[in-house]
Amino acid sequence: MATIKDVARLAGVGLGTASRVVSGKGSVSPATLERVRKAIDELGFRPSHAARALLSGTSRMVGVYIPVLSGTFYTPILQIIDTELRAAGLHMVVAFGVGLGDARNQAIEGIEFLIERGCDGLIMMSSALLDEDIAALGGKRRLIVALNHDFKDIPEQCFTVDHAQGGRLAAQTLLEHGHRDIAVIAGPSALVDNVARIDGFMLELKANGVDTDKVWLVESDFSPQGGWHAAKALVESKTPCTALFCANDEMAVGALSYFQEAGISVPRDLSVIGYDDTPSAEFSAPRLTSVHMPWREMTQNGINALLNRCYDLKRPVARSFPVGVTMRASLARVGGGKAKSTKSKTGSKGKSKSE
């Protein structure tokens, strides 16, 4: 396999000149450029990734940390990131928690792993990290973007959505369909975004005269299995309700599965609304009404901001994203009548600016 030294020797130039041609940095005469390119073609020279990094001063790699590598939530986000990075001539390196042990320590170790691998920048999604963990990164904080979380030390590098508004929209949707006897399957109370959506939901119910102290609520783990077991607990509690709000789609899909097994018809006997509007919502049975979180827009703008910081680009960056509700077959009005299948309710609007 040919090396950069072979190219320099065949072209009759110094190693530094050949390196400048390969990296595209620095000036060389047209005649020299032509000789080096001819030598590259003749030798079939292709610089290795390590060589490219050495020549350009960058690894052309972006690290991504996610808590788990499973389910229908993180996979689409990783697909968006990979597509955007490849289009920019970059590559993605992923680190994730193993599902055991302390989530905060896993996130810290994952970020350290990505930094040690020489990633030019990092995209991270973890509610377990604290502000002090970000501060401990020192100067490397400048090359980090956080998705779905806010950190006080790097506010301009955080891209998230209004989960409180999402919770309010879920409550409004149920109330507008006549539901007042409502149950809730919440996610982990340690997660800030879960707390925001549940608080928004409860505040909207209370503002409309619903006694939230009587709302049946159980905490689960954002998994389909968790939703299945929580739905079973709801049925066994014999709590009278006409609607169920699940704090994410995966729990809602698990709940739908249990209701089908238990002979409970959705939405005839019980309406169900989820949260996130992931692909699982569109293909559940029945198709799931869900609070639409604009993950694609949030992710794409986070990537733009990171590439601007790492590679001196001038991509446009939006910082506010619309939240809505996608209406599907799992929601019916009290007394009969399915909800129309459409993306109909919208919260805060997005706006964009350039960095």
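- Under an unreviewed UniProt entry, the chain has the name Transcriptional regulator, LacI family and belongs to Massilia timonae.

### Thoughts on the overall build of the chain
Thinking step 1. Within the chain, the secondary structure is distributed over 13 helices and 14 strands.
Thinking step 2. When contacts within the chain are restricted to residue pairs at least 6 apart in sequence, long-range pairs at least 24 apart make up 67% of them.
Thinking step 3. When the accessible surface of the chain is summed, it comes to about 17,100 Å², and 52% of that surface belongs to carbon and sulfur atoms.

### Here's the deal with the pattern of salt bridges
Thinking step 1. A complete count under the given rule lists 13 salt bridges for this structure.
Thinking step 2. The closest approach of N and O atoms between glutamate 116 and arginine 117, which form a salt bridge, is 3.8 Å.
Thinking step 3. Looking at glutamate 116, the relative accessible area reads 61%, which means it is exposed.
Thinking step 4. In this structure, the salt-bridge partner of arginine 287 is glutamate 282, at a minimum N-O distance of 3.6 Å.

### A look at the environment of valine 210
Thinking step 1. With respect to the helices and strands, the residue valine 210 is situated in the loop between helix 9 (192–207) and strand 7 (216–219).
Thinking step 2. Placed 29 residues apart in sequence, valine 210 and aspartate 181 show a C-alpha to C-alpha distance of 8.4 Å.
Thinking step 3. Excluding residues within four positions of it along the chain, valine 210 makes contact with Leu175, Arg180, Leu205 and Val215.

### Details of the layout of surface pockets
Thinking step 1. The computed volume of the largest pocket comes to approximately 850 Å³.
Thinking step 2. Surrounding the largest pocket, 33 residues form its lining, Pro67, Val68, Tyr74, Leu191 and Phe222 being those nearest its centre.
Thinking step 3. For the lining of the largest pocket, the secondary structure elements donating two or more residues are helix 5 (71–87), helix 6 (103–116) and helix 9.
Thinking step 4. Examining the composition of the lining of the largest pocket, we find that three residues originate from one element, helix 5, more than from any other.
Thinking step 5. For the lining of the largest pocket, a count of residues per class yields 16 nonpolar, twelve polar and five charged.

### Structural notes on the packing of aromatic side chains
Thinking step 1. In the structure shown here, the tally under the stated rule is six aromatic pairs.
Thinking step 2. Ring geometry for phenylalanine 73 against tyrosine 74: centres 4.8 Å apart, planes inclined by 80°, an arrangement best described as edge-to-face.
Thinking step 3. Judged by its relative accessible area of 16%, tyrosine 74 falls in the buried class.
Thinking step 4. Their ring planes at 65° and their centres at 6.4 Å tell us that phenylalanine 245 and tyrosine 275 sit as a pair that is edge-to-face.

### Here we look at the sheet that holds strand 2 (residues 91–96)
Backbone-to-backbone hydrogen bonds pair the strands of a sheet. The strands run either parallel or antiparallel.
Thinking step 1. Spatially, five strands are ordered 2-1-3-4-5 in an open sheet, and the strand pairing comes out parallel. The open sheet terminates on both sides in strands that have one partner only, identified here as strand 2 and strand 5 (158–159).
Thinking step 2. As defined by bridge partners, strand 4 (residues 144–147) adjoins strand 5 across two bridges and the pair is classed as parallel. Following the sheet pairing, leucine 147 is matched in strand 5 by phenylalanine 159.
Thinking step 3. Each of strand 1 (61–66), strand 2 and strand 3 (121–124) touches helix 5; the most contacted strand, strand 2, lies at about 155° to it.
Thinking step 4. Packing of helix 13 (residues 295–311) onto the sheet brings it into contact with strand 1, strand 3, strand 4 and strand 5, and relative to strand 4 it is tilted by some 170°.

### Quick notes on the packing of helix 10 (residues 224–237) against helix 11 (residues 249–261)
Thinking step 1. At their nearest, the axes of helix 10 and helix 11 sit 6 Å apart, and the two run at 50° to each other. Of the possible angle classes, the one that applies to helix 10 and helix 11 is oblique. Read as a crossing pair, helix 10 and helix 11 show a hand that is right-handed. From helix 10, Pro224, Gly227, Trp228, Ala231, Lys232, Leu234 and Val235 reach across to helix 11, where they touch Glu250, Met251, Gly254, Ala255, Ser257, Tyr258, Phe259 and Glu261.
Thinking step 2. Partitioning the contact of helix 10 with helix 11 into residue classes produces nine nonpolar, three polar and three charged.

### Brief notes about the confidence of the model for the chain
Thinking step 1. Of all residues in the chain, 89% attain a pLDDT of 70 or more, and the chain-wide mean is 89.
Thinking step 2. In the predicted structure, residues 339–345 sits below a pLDDT of 50 and forms 26 contacts with residues beyond four places in sequence or in another chain.
Thinking step 3. Under a pLDDT of 50 for its full length, residues 348–355 has, in the predicted model, 28 contacts with residues more than four places off or in other chains.

Criteria and thresholds
Residues numbered from 1 in each chain as written. Predicted model: local features only at pLDDT ≥ 70, side-chain atom pairs only at ≥ 80, totals over all residues. Heavy atoms only, no water. Helix = DSSP H or I, 4+ residues; strand = E, 2+ residues; numbered from the N terminus. Contact = heavy atoms within 4.5 Å. Areas by Shrake-Rupley, 256 points an atom, 1.4 Å probe, with all protein chains shown as cover. Salt bridge = Lys/Arg side-chain N within 4 Å of Asp/Glu carboxyl O. Buried < 20%, exposed > 50% of the residue type's maximum accessible area, 1.4 Å probe, protein only. 1 Å grid on protein atoms, 1.4 Å probe; cavity = no way out; pocket = protein on both sides within 12 Å on 5 of 7 lines; lining within 4 Å. Points joined across faces, edges and corners; volume = space filled by probe spheres on them. Nonpolar A, V, L, I, M, F, W, Y, C, P; charged D, E, K, R; others polar. Phe/Tyr/Trp six-rings, centres within 6.5 Å; stacked < 30°, edge-to-face > 60°. Pairing = 2+ DSSP bridges. Axes fitted to C-alpha atoms, helices over the stretch in contact; angles between N-to-C directions. Parallel < 35°, antiparallel > 145°, perpendicular 65-115°, else oblique. Left-handed = near helix turned anticlockwise from the far one by under 90°. pLDDT = per-residue confidence, 0-100.

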